[in-house]
Amino acid sequence: MPAPAPGKGETVLEVVTERGAVRPHALAFSADGRGLAVTGSSCVALWDLVEGRRVRFWTEMSNETALSPGGDWLASSNGTSIHVCDTGSEASVIKLESAGGSMRALAFSPDGRLVAGGDSRGAVHIWQLADRVKLATLQAQSSEIESVTFTKDCQSVVTTSRNETVRCAISSNQSCLRWPLTSPVVVSPYGTIVADSSSSASWDLERGVRVARLGSEVATDGRQLH
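Computed from a predicted structure; not experimentally measured.

Chemist: Honestly, the nonpolar core in this entry has me stumped. Any pointers?
Modeler: Side chains of nonpolar character tend, in soluble globular proteins, to be buried together. The biggest cluster of nonpolar side chains holds 17 residues, and the ones touching the most others in it are Val124, Ile126, Val148, Phe150, Val157 and Ile170. Among the elements of the structure, strand S9 (103-108), strand S10 (114-119), strand S11 (123-128), strand S12 (133-139), strand S13 (147-150) and strand S15 (165-169) are those that each provide at least two residues to this core. Excluding anything up to four places from it in sequence, Ile126 contacts Leu114, Val115, Ala116, Val133, Lys134, Leu135, Ala136, Leu138, Phe150, Val157 and Ile170. Ranked by size, the runner-up nonpolar core spans 12 residues in total, among them Val84, Met103, Trp127 and Leu129.

Chemist: It is not clear to me how the environment of Gly40 should be interpreted in this structure. Could you clarify?
Modeler: Examined against the element boundaries, Gly40 turns out to sit in the loop between strand S2 (35-39) and strand S3 (43-48). In this structure the C-alpha to C-alpha distance between Gly40 and Ala26, which are 14 residues apart in sequence, comes to 7.3 Å.

Chemist: How should the sheet that holds S2 be read in this particular structure?
Modeler: Within a sheet, neighbouring strands are paired by backbone hydrogen bonds and run either parallel or antiparallel to one another. Within the open sheet, the 4 strands sit side by side as S1-S2-S3-S4. Their pairing is antiparallel. If you trace the sheet from one side to the other, it starts and ends with strand S1 (26-29) and strand S4 (53-59), each paired once. Going across the sheet, the axis of each strand differs from the next one's by a mean of 20 degrees, ignoring polarity. In this sheet, S3 lies alongside S2 in antiparallel orientation, the contact comprising 5 bridges. Its bridge partner lying in S3, Ala37 is registered against Leu46.

Chemist: How do you make sense of the pairing of S4 when you look at a structure like this?
Modeler: Strand residues, when the strand is regular, have side chains that alternate between the two faces of the sheet. Across 6 bridges, S3 lies against S4 in antiparallel orientation. Note that in S4 the partner of Ala45 across the bridge is Phe57. Between S3 and S4, which pair antiparallel and follow one another directly, the connecting turn spans 4 residues, one of which, Gly52, has a positive phi of 70 degrees.

Chemist: Can you help me understand unusual backbone geometry in this one?
Modeler: Leaving glycine aside, a negative phi is the common case for residues, and trans is the common case for peptide bonds. Positive phi is not limited to glycine here, since Arg132 has a value of about 60 degrees. Backbone geometry at Cys154 places phi at a positive 65 degrees, although glycine is not the residue there. Mapped onto the secondary structure, Cys154 falls in the loop between S13 and strand S14 (156-160).

The rules behind each value
Residues numbered from 1 in each chain as written. Predicted model: local features only at pLDDT ≥ 70, side-chain atom pairs only at ≥ 80, totals over all residues. Heavy atoms only, no water. Core = buried A, V, L, I, M, F, W, Y, C linked by side-chain atoms within 4.5 Å. Buried < 20%, exposed > 50% of the residue type's maximum accessible area, 1.4 Å probe, protein only. Helix = DSSP H or I, 4+ residues; strand = E, 2+ residues; numbered from the N terminus. Contact = heavy atoms within 4.5 Å. Pairing = 2+ DSSP bridges. Axes fitted to C-alpha atoms, helices over the stretch in contact; angles between N-to-C directions.

Structure (structure tokens):
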């Protein structure tokens, strides 16, 4: 069943956390738009937006949250570690330790095989979920990472911070491209276009050129800006 179509600004579902007055800290949608993960104070709730009900609830999890493209996995940060849960149960099945700074941003690769965590020290940690092996630690930024996105081919990650936007190849920490695009910025789903809200400019990261001077909202296909 498809996710609800957007209307004219009306409320289609009101999500209430387990603890009522707790303000959500972070939100994450699944790629199909059906699932919504809501992070509160030391807890994460997963909602089915089509059926309008909460389907899972985890405690002792907080900070940032990400859902895999198929909605099968949920990742949540807790200090320097990442808990990855099977959304079919309420058990934390994988715990990934970074041995770095506190996690500030999470992302799954488009194929769902990899998970990345950007930390408070500017490093990106990348793991392979199947065997829990850390593939790389990339010192992408000189300051706290605010967002991380995989490219469509899963070979690189794009990170943003208050200082710049950086694209790094997972296989080599030396293969980094940098742009002086400061936050707040919006990165397209596959890390191909970055929109800089301060200058209203958008950049094609694959070609390294400015492609538009429009708004800062990027469509879900990663190609059009509105």
